[in-house]
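# Residue-level structural notes
So you can see what is in the structure, the chains are spelled out below.
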Amino acid sequence: MPDKKVIYMDNNATTQVSDEVIEAMIPYLKDLYGNPSSIHTFGGQVAVALKEARQSVAGIIGASDPSEIIFTSCGTESDNAAILSALRSKPDRKRIVTTRVEHPAVLSLCQRLERDGYTVIRVGVNSEGLLDLRELAEVINHDTAVVSIMHANNETGVIFPIREIGRLAHEKGALFHTDAVQSVGKIPINVDENFIDFLSMSGHKLHAPKGVGALYIRRGTRFRPFVIGGHQERGRRGGTENVAGIVAMGAAARLAEENLDTEQIRVRAMRDRLEKGIIDSIPDVKLNGHPVSRLPNTCNVSFEFVEGEAILLLMDQLGICASSGSACTSGSLDPSHVLRAMGVPFTFAHGSIRFSLSIYNTDGDVDFVLEHLPGIISRLREISPFSAEKAASL
Ligand code: PLP
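Residues numbered from 1 in each chain as written. Predicted model: local features only at pLDDT ≥ 70, side-chain atom pairs only at ≥ 80, totals over all residues. Heavy atoms only, no water.

### Here we look at the overall build of the chain
- Across its full length, the chain carries 13 helices and 13 strands.
- Burial status across the chain gives 56% buried among its 394 residues.
- Long-range contacts, defined as pairs at least 24 residues apart, comprise 74% of the intrachain contacts of the chain with a sequence gap of at least 6.
- Only carbon and sulfur atoms are counted for the fraction: they give 54% of the accessible area of the chain, which is about 17100 Å².
- Between the averaged position of the 41 positive side-chain charges in the chain and that of its 48 negative side-chain charges there is a distance of 6 Å. (Helix = DSSP H or I, 4+ residues; strand = E, 2+ residues; numbered from the N terminus. Buried < 20%, exposed > 50% of the residue type's maximum accessible area, 1.4 Å probe, protein only. Contact = heavy atoms within 4.5 Å. Areas by Shrake-Rupley, 256 points an atom, 1.4 Å probe, with all protein chains shown as cover. Lys, Arg positive; Asp, Glu negative; His and termini not counted. Charge placed at Lys NZ, Arg CZ, Asp CG, Glu CD.)

This is the structure in structure tokens:
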């Protein structure tokens, strides 16, 4: 158990595992430990559980055939597997089109592929985090093997128009991969309506445990495995399956689908109240990301003249968990690549905080943050060498 009460608003980093999900997976950690590839009935029972999980995961993204889903170890593996397969299945094409605001699971791979001789085009975003579709249309050409563009951004929650993007990719004969790690379970998504060839998901972002992910591969799309080994996942991903994790992901997908409409109305209402409360009670605050085209759970705000890390530290003392937009964990205090791509001014970018809510938050959590955050910001501004008054007097 945590040592003190936690107000957890960092759900884009990871989520609490639902009790129902834990209950669903326990039998596969204890009694039903057979190998799903075994011929005996004991293993066969486990294979049935995998089949059901595959159906649930297919269901939440509107995939018509559960065999279009393979289970992986995480969202990162799904992203890597999709992009690498697309390149191998279109060996005559050497261009990858992506954006400047993708997760490192895509951006770091693209950097590596660039060193291997591929051309990588990274399309920018405007100050609200939106893509320019005309620019995108210009850079997708007949040399493009894959367009890899996320559905929703993990830092700002901004949602991209994947239907238009998928159409542009297909017009030039390119494959379309979307990283939907942040959107699945939070907003509806349908692979057939959006020209999607590959879609990445991750269990731990939707109340399943860490260590399980999934990749949708459109039926008929050639697929070259990333993890090469046995015949698991119909030869598309070697390695004995993480059975309990997969069962958990299936249960989480089922729950998320059932609760999508009602819960998202409640989560959105809490997020909006948090956001309005912050903007109304604290001066010199800026909302990052498009106000409407955004995940219902995400609020990314910048407080001018304060460091995000200092805000996090003081919130942490009160048990409030959120994230900052700077990359100090990687040893640099540069603002995040997403905020930089959006051109967020320097004095704001350093003081950005992401609050990401879930169905487990309560109105009381929002009240608690709104009660304490204004005091935290004014204390930090008093000691900041960069306060507005100090800047004006320079
Ligand atoms: N893609 C996005 C948009 C993410 O937010 C994340 C995780 O934060 C990932 C990919 C990686 O997922 P995983 O942690 O399951 O590897």
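### Notes on the sheet that holds strand β4 (residues 119-123)
- Spatially, seven strands are ordered β2-β8-β7-β6-β5-β3-β4 in an open sheet, and the strand pairing comes out mixed. Where the open sheet ends on each side, the last strands, each with one partner, are β2 (69-72) and β4. Strand-to-strand twist in this sheet, taken as the mean axis angle between neighbours without regard to direction, amounts to 20°.
- When strand β5 (residues 144-148) meets strand β6 (residues 175-179), the two strands line up parallel, connected through three bridges. Considered in β6, the bridge of Ser-148 is made with His-177.
- Helix α6 (residues 162-171) rests against β5 and β6 of the sheet, and its axis sits at about 155° to β6. (Pairing = 2+ DSSP bridges. Axes fitted to C-alpha atoms, helices over the stretch in contact; angles between N-to-C directions.)

### Notes on the domain arrangement of the chain
- Domain parsing of the chain yields domain 1 (7-15 + 260-392) and domain 2 (19-255).
- Computed from C-alpha atoms alone, the centre-to-centre distance between domain 1 and domain 2 is 29 Å.
- Summing both partners gives a buried area of about 2500 Å² for domain 1 against domain 2, and 54% of it is carried by carbon and sulfur.
- Counting the contacts that link domain 1 with domain 2 gives zero salt bridges.
- Applying the counting rule to domain 1 against domain 2 returns 16 residue pairs in polar contact (both at pLDDT 80 or more).
- Elements with a minimum of two residues in the side of domain 1 that touches domain 2: α8 (243-281), β10 (298-303) and α10 (337-341).
- At four residues, the largest contribution of residues to the side of domain 1 that touches domain 2 is made by α10.
- Here the side of domain 1 that touches domain 2 is composed, by residue class, of eleven nonpolar, 16 polar and two charged. (Domains from an automatic or database assignment. Buried area = accessible area lost by both parts, 1.4 Å probe. Salt bridge = Lys/Arg side-chain N within 4 Å of Asp/Glu carboxyl O. Polar contact = N/O pair within 3.5 Å; in protein donor to acceptor, adjacent residues only side chain to side chain. Nonpolar A, V, L, I, M, F, W, Y, C, P; charged D, E, K, R; others polar.)

### Looking at the packing of helix α1 (residues 19-29) against α8
- Where α1 contacts α8, the two axes come as close as 8 Å, and the packing angle between them is 155°. The angle between α1 and α8 places the two elements in the roughly antiparallel class. In the packing of α1 onto α8, the handedness of the crossing is right-handed. Between α1, through Glu-20, Val-21, Ala-24, Met-25, Tyr-28 and Leu-29, and α8, the contact on the second element is made entirely by Val-243, Ala-244, Gly-245, Val-247, Ala-248, Ala-251, Ala-252 and Leu-255.
- Taken together, the residues of the contact of α1 with α8 break down into twelve nonpolar, one polar and one charged. (Parallel < 35°, antiparallel > 145°, perpendicular 65-115°, else oblique. Left-handed = near helix turned anticlockwise from the far one by under 90°.)

### Some thoughts on the packing of aromatic side chains
- Summed over the entire model, instances satisfying the criterion amount to two aromatic pairs.
- Residues Tyr-33 and Phe-42 carry aromatic rings whose centres are separated by 5.0 Å and whose planes lie at 75° to one another, so their mutual orientation is edge-to-face.
- Overall, Tyr-33 belongs to the exposed group, its relative accessible area being 61%.
- Note on Phe-42: relative accessible area 29%, which makes it partly exposed.
- For the ring pair Phe-198 and Phe-223, a centre distance of 6.4 Å and an interplane angle of 55° mean the geometry is tilted. Remark: Phe-223 occurs in the loop between β8 (213-217) and α7 (232-235) and Phe-198 occurs in strand β7 (residues 198-202); sequence separation between them is 25 residues.
- According to the relative accessible area criterion, Phe-223 is buried, its value standing at 13%. (Phe/Tyr/Trp six-rings, centres within 6.5 Å; stacked < 30°, edge-to-face > 60°.)

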